[in-house]
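Each chain is listed here by its residues.
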Amino acid sequence: MFYVLAGALGFVAVQAFDVVSLKRLRHAKPVCWLLGSGLLGYGLVMTTLWPEKLPLPHWSSWLGWLLLAIALAQLAGALFINLPFRSTYIADSSGQRLVTTGLYALVRHPGVHGFVLLVLSLFLISRSSLFTIAGPVWIAADIVLVAIEDRFLFHRMFPGYASYRRQTPMLLPNKRSLKAFLESLGQSLKTKEAKNMSIMSELIAQGKHGELWQRYCGFIDLSLEDFMVIQRRLLTEQLELLDHCELGKVIMRGAAPRTVDEFREQVPLTTYADYAPYLLKRRMDVLPQKPLVWMHTSGRSGDYSFKWVPLTSRQYEEMTDVFVAIMLFGTCKRKGEVTLRGRDKILYALAPSPYFSGVTARCVEDAGLLRFLPPLDEAEKMEFADRIQQGFKMALFEGMDIFAGMSSILVAVGERFKEGNRKIAIGPLLRRPGALFRLTRGFVKSKLAGRPLLPKDIWSLKGVMAGGTDSTVFKEKIKEMWGCYPLNIYGNTEATIIAMQTWDYQGMVFVPNLNFLEFIPEEESLKSREDPSYQPATVLLDEVKAGGNYELVITNFHGGALVRYRIGDMVKIAARRNEQLNIDLPQMAFYSRVDDLIDIAGFTRLTEAVIWRALEKSGIAYKEWTVRKELKDRPELHLYLELCPGEEPDAEKIATAVHEELKKLDSDYANLESFTGIKPIKVTLLPAEAFQNYMLRKKAAGADLAHLKVPHINPSDNMMGILLGTEPGPIVVAKPREKETVQG
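Each residue is numbered by its place in its chain's sequence as written, counting from 1. Side-chain atom pairs in this predicted model are given and counted only at pLDDT of 80 or more, local residue features only at pLDDT of at least 70, and totals for whole chains, interfaces and linings cover all residues. The side-chain numbers reported here are obtained from all heavy atoms of the structure, hydrogens and water having been left aside.

Examining the overall build of the protein
- Strands are runs of DSSP state E lasting at least 2 residues, helices are runs of H or I lasting at least 4, and numbering of each runs from the N terminus. Tallying secondary structure elements over the protein gives 30 helices and 18 strands in all.
- Summary of the burial criterion: residues with accessible area below 20% of their type's maximum are buried, those above 50% are exposed, and those between are partly exposed, where the area comes from a 1.4 Å probe applied to protein chains only. Of all 744 residues assigned to the protein, the portion counted as buried reaches 52%.
- Once local pairs closer than 6 in sequence are excluded, the contacts in the protein between residues at least 24 apart make up 69%.
- Carbon and sulfur atoms make up 57% of the accessible area of the protein, which amounts to about 34,000 Å² in all. Every residue pair with non-hydrogen atoms within 4.5 Å of one another is taken to be in contact. To be clear on the numbers: accessible area is Shrake-Rupley with a 1.4 Å probe, and residue cover counts the displayed protein chains and nothing else.

Remarks on the pattern of salt bridges
- The term salt bridge refers to a side-chain nitrogen of Lys or Arg lying within 4 Å of a carboxyl oxygen of Asp or Glu. Per the counting criterion, the structure on display carries 31 salt bridges.
- For Glu518, the salt bridge goes to Arg264, with nearest N and O atoms at 3.5 Å. Of the two residues, Glu518 is situated in strand β10 (residues 515–521) and Arg264 in helix α14 (residues 260–266); the sequence distance between them amounts to 254 residues. Comparing Glu518 with Arg264 shows no difference in burial state: the two are buried.
- For Lys699, the salt bridge identified is with Glu383, shortest N-O distance 3.8 Å. Residue Lys699 is found in helix α29 (residues 690–700), and its partner Glu383 is found in the loop between α18 (376–379) and α19 (384–398); the two are separated by 316 residues along the sequence.
- Residue classification places Lys699 among the partly exposed positions, given a relative accessible area of 48%.
- Exposure remark for Glu383: the relative accessible area of 48% places this residue in the partly exposed category.
- Salt bridges linked by common partners bring Arg166, Glu246, Arg283 and Asp285 together as one network.

Digging into the nonpolar core
- Counting 126 residues, the largest nonpolar core has Phe329, Ile497, Phe510 and Phe519 as the members making the most contacts within it.
- When residues in this core are grouped by element, the largest group, 10 residues, is from helix α16 (residues 313–330).
- Nine residue types can take part in a nonpolar core, namely buried Ala, Val, Leu, Ile, Met, Phe, Trp, Tyr and Cys, and a core is a set of them joined through side-chain atoms within 4.5 Å. Membership of the second largest hydrophobic core comes to 56 residues, among which are Leu453, Leu606, Ile611 and Leu637.

What about a nonpolar patch on the surface?
- Judged by side-chain polarity, Trp59, Trp62, Leu63, Leu66 and Ile70 come together as a nonpolar surface patch covering roughly 580 Å² of accessible area.
- By the secondary structure assignment, Trp62 is in helix α3 (residues 59–81).
- Its relative accessible area of 62% is what places Trp62 among the exposed residues. Each patch is built from salt-bridge-free residues with over 30% relative accessible area, joining like charges within 9 Å and nonpolar side chains (Val, Leu, Ile, Met, Phe, Trp, Tyr) within 5 Å.

A look at the side chain of Asp344
- Mapped onto the secondary structure, Asp344 falls in strand β3 (residues 344–349).
- Residues adjacent in sequence count toward polar contacts only when both atoms are side-chain atoms; beyond that, a polar contact is any pair of N or O atoms within 3.5 Å, and within protein one must be able to donate a hydrogen and the other to accept it. Within polar-contact distance, the side chain of Asp344 engages the backbone nitrogen of Arg341 at 3.2 Å.
- When sequence neighbours within four positions are dropped, the list of residues in contact with Asp344 reads Thr339, Leu369, Leu370, Arg371, Asp401 and Lys462.

Details of the packing of α19 against helix α21 (residues 433–449)
- The N-to-C vectors of α19 and α21 enclose an angle of 90°; their axes lie 6 Å apart at closest approach. The orientation of α19 with respect to α21, classified from their angle, is roughly perpendicular. Contacts from Ala395, Leu396, Phe397 and Glu398 of α19 reach α21 at Gly434, Ala435, Arg438 and Leu439.
- Three residue categories are used. Nonpolar comprises Ala, Val, Leu, Ile, Met, Phe, Trp, Tyr, Cys and Pro, charged comprises Asp, Glu, Lys and Arg, and polar comprises the others, including Gly. Here the residues of the contact of α19 with α21 sort into five nonpolar, one polar and two charged. Fitting a line to C-alpha atoms yields each axis, with helices limited to the stretch in contact; the angle taken between N-to-C directions then spans 0 to 180 degrees. Under this scheme an angle from 65 to 115 degrees is roughly perpendicular, one under 35 degrees roughly parallel, and one over 145 degrees roughly antiparallel; angles in between are oblique.

Side note on the sheet that holds strand β13 (residues 587–593)
- Taking strand neighbours across the sheet as the criterion, the 11 strands line up as β4-β3-β5-β6-β7-β8-β9-β13-β12-β11-β10 in an open arrangement whose pairing is mixed. Looking at which strands have only one partner, the edges of the open sheet turn out to be β4 (370–373) and β10. Strand after strand, the sheet turns through a mean of 40° between neighbouring axes, direction not considered.
- In this scheme, strands are said to pair when DSSP sees at least two bridges between them. Bridge count between β3 and β4: four bridges; the pairing is parallel. Counted as the bridge partner of Asp344 is Leu370 from β4.

What about the confidence of the model for the protein?
- Residue-level confidence of the predictor, termed pLDDT, takes values from 0 up to 100. Scored by pLDDT, the protein has a mean of 84; 88% of the residues are at 70 or more.
- Counting interchain partners and residues more than four positions distant, the pLDDT-below-50 stretch residues 192–197 has two contacts.
- Within the model, the stretch residues 731–744 combines pLDDT values under 50 with 30 contacts to residues more than four positions away or in other chains.

Topic: helix α26 (residues 608–618)
- What α26 keeps buried is the set Glu608, Ala609, Val610, Ile611, Trp612, Ala614 and Leu615.
- Within two residues after α26, Gly619 carries a phi angle of roughly 80°, on the positive side.

Notes on the packing of aromatic side chains
- Stacked, edge-to-face and tilted labels apply to pairs of Phe, Tyr and Trp rings (six-membered ring for Trp) whose centres lie within 6.5 Å, assigned for plane angles under 30 degrees, over 60, and everything in between, in that order. All told, the structure shown has 25 aromatic pairs when counted by the stated rule.
- Arranged with centres 5.8 Å apart and planes meeting at 75°, the rings of Tyr3 and Tyr42 form a pair that is edge-to-face. Separated by 39 residues along the polypeptide, Tyr3 in helix α1 (residues 2–22) and Tyr42 in helix α2 (residues 28–48) bring together distant segments of the chain.
- Centre to centre, the rings of Tyr490 and Phe590 are 5.8 Å apart; their planes meet at 55°, and the pair counts as tilted. Of this pair, Tyr490 sits in strand β7 (residues 486–492) while Phe590 sits in strand β13; the two residues are 100 residues apart in sequence, bridging distant segments of the chain.
- Residue Tyr490 is classed as buried on the basis of its relative accessible area, which comes to 5%.
- Classification of Phe590 by relative accessible area gives partly exposed; the value is 27%.
- Among the aromatic residues, ring-to-ring pairing joins Phe2, Tyr3, Tyr42 and Trp50 into one connected group.
- The ring of Trp308 has Arg282 lying over it, and the distance from NZ or CZ to the ring centre is 4.1 Å.
- We call a charge positioned above a ring when the Lys NZ or Arg CZ atom is no farther than 6 Å from the ring centre and deviates by at most 35 degrees from the ring normal. Seen from the ring of Tyr485, Lys475 lies directly overhead, with NZ or CZ sitting 5.1 Å from the centre.

With respect to the sheet that holds strand β17 (residues 635–643)
- Reading across the sheet, the three strands line up as β16-β17-β18 and stay open at both edges, with mixed pairing between neighbours. Each edge of the open sheet is held by one strand with a lone partner, namely β16 (622–631) and β18 (681–685). When the angles between neighbouring strand axes are averaged without regard to direction, this sheet yields 25°.
- Direction of pairing for β17 relative to β18: parallel, over a ladder of five bridges. For Leu639, the partnering residue across the bridge sits in β18 and is Val683.

What to know about the pairing of β17
- Along β17, nine of the nine residues are buried, which leaves the element largely enclosed by surrounding structure.
- Burial of the side chains of β17 extends over both faces: Pro635, Leu637, Leu639, Leu641 and Leu643 are buried on one face and Glu636, His638, Tyr640 and Glu642 on the other.
- Here β16 pairs with β17 via nine bridges, running antiparallel. Note on β17: the bridge partner recorded for Tyr622 is Leu643.

Focus: the side chain of Glu149
- Following the sequence through the fold, Glu149 ends up in helix α7 (residues 131–157).
- No salt bridge is formed by the buried Glu149; the nearest opposite charge belongs to Arg108, separated by 9.6 Å.
- Sequence-distant contacts of Glu149, that is, excluding residues within four places in its chain, are made with Gln15, Asp18, His109 and Phe154. Under this rule, positive means Lys or Arg and negative means Asp or Glu; His and the chain ends count for nothing.

Re the packing of α2 against helix α6 (residues 111–126)
- Running from N to C, α2 and α6 point in directions that differ by 25°, and their axes come no closer than 10 Å. In terms of orientation, α2 lies roughly parallel with respect to α6. Facing Leu40, Leu44 and Thr48 of α2, the residues of α6 in contact are Phe115, Leu118, Val119, Leu122 and Ser126.
- Partitioned by chemical class, the residues of the contact of α2 with α6 number six nonpolar, two polar and no charged.

Here is the structure:
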């Protein structure tokens, strides 16, 4: 009986493994797993060797060996192949990624089947009489274990588990789950085949650059008519999926459109409020297709902490191909040029999954061309500052080929290079010849140029990929510091990738195969904001006009959830085509968030990008800023600034400098003063480390990474109260920032 008890205690240890996973006790996880596996393994082995045997038929041992092979294969698939090993058994995450494919599409706990087969096979092989006691006890313990997991633990560990539980049986497969399993198996075989083929790496290795370029970047050669054919075809496929799911019927209000015109006439425009009852609960049973992963936004909607959005396997695959195009565009100087050579090194400067940027990193890794610094599995467990520091340290040792992330990070790192290059510790680098060579070469370059050390002196990057409005603001600074312009990418969680620049770094070109695109003219958008009941008219891509501003509306392709969805972005159509590169598709630029337009007296609507550019051109040395429209005796553009040490604290002088730059950048703003005499800008100087103290206070309160920063446009009263020190609450004082050094 001792061996039976040892096996039962193994299940207790496995239960403790689930609890420490939930508590994020990293070092306790592998201990509990090894202890549980060891006790159960010990019990199985000793019970198998039990001397008292039962008189079973001779053929039973052959059946036992067959069942043993099946059991081991099934357990390996359920516990180690379907599940990611590191995050499941080692990492300190509580399992944020829910696996619903493979054996987990058949039942929620496929490991039970494997264990039952294992016990039965060992009994038949050994004929041990002790198995008549141990087998029922252990199987019962296993079922009790998974019942506790299912009822009390997994819904807290895995986003979307409640929905998964509703549609997938616990232990006994049904017709629906069998169909889902077969579909998942077919999809897995396709994915495995694609990975084994490694098309992109193979094309690069064989020097078939023309074929590679055409496969991933050929969409820029489409005519506008061909672009629209793709849009209509994929929308028709999506409508069929929507017609057969609960969410589609609700969102389309019972309509069953079959054409693009019927779709635009019968289906209303939507916002996230229409999807919140389903997506916030991550209900998979109502969707057009089962998601591969759930992503969430940074939560700036004001109504939700996050907006959760599903991403299907097909969307993921199509998005991966688009990212290959982005890498090719960002690392070439002319059409058809391929400079990627396989496993180029890229610095990880993105928010981790389930943020969209973290999912895109997985896409890039799956493409097989790039190697992240630090590796993704390590980087996703680090704090942002730590992974940036570790990434640059590795880049100093190993080199770096590509940077992808926020432009502001690039500029901040470049500035710190200027400040810290005199305090580089040489000693540790003597053991790393590559790092020493890069630094020596960098110092020589900077001395010959008569300026401080810059990143471009150390690394010769093939390309820089960046997103956000700050890309255009810092474009020249990035070129000066890093040696190349950033390739601007436009996308978000709801739509994935919408558009990208090409190798001329000018206007962005739309992607045809991820979303159906509609455009609300600016005047229609304004009407709908003034009257929420008004349904604005839309135009399609072949109807937009050069110079026009449009609010963007998207419908996900490939089983996505969002239909005629207003993402809240205003874009400008810079031109109907790119004449210089002979691209026959409209060229766009991000204009503003619809809710980030600051309207002053009806004369001008200022965007974040324009205000940011005016600040840069004014020459003011500032650390951070935010601005909002405030109504006093007249509308004010109230700019709150935290200055760098040593900058003259003259608010009126700063206001005048920014005002003059705004007049140069925005003719409507200039007309505001000439026609009305209004000089709307007001500047308030914030205390030193105001933004840093805000971040520390929010972090101390348990705020998520996405909620630690104050938005540049229209911060809330509460945010301003914290920045100004008038909001009650605990005071957290930031330590003075020290100059950073580059060390080995």
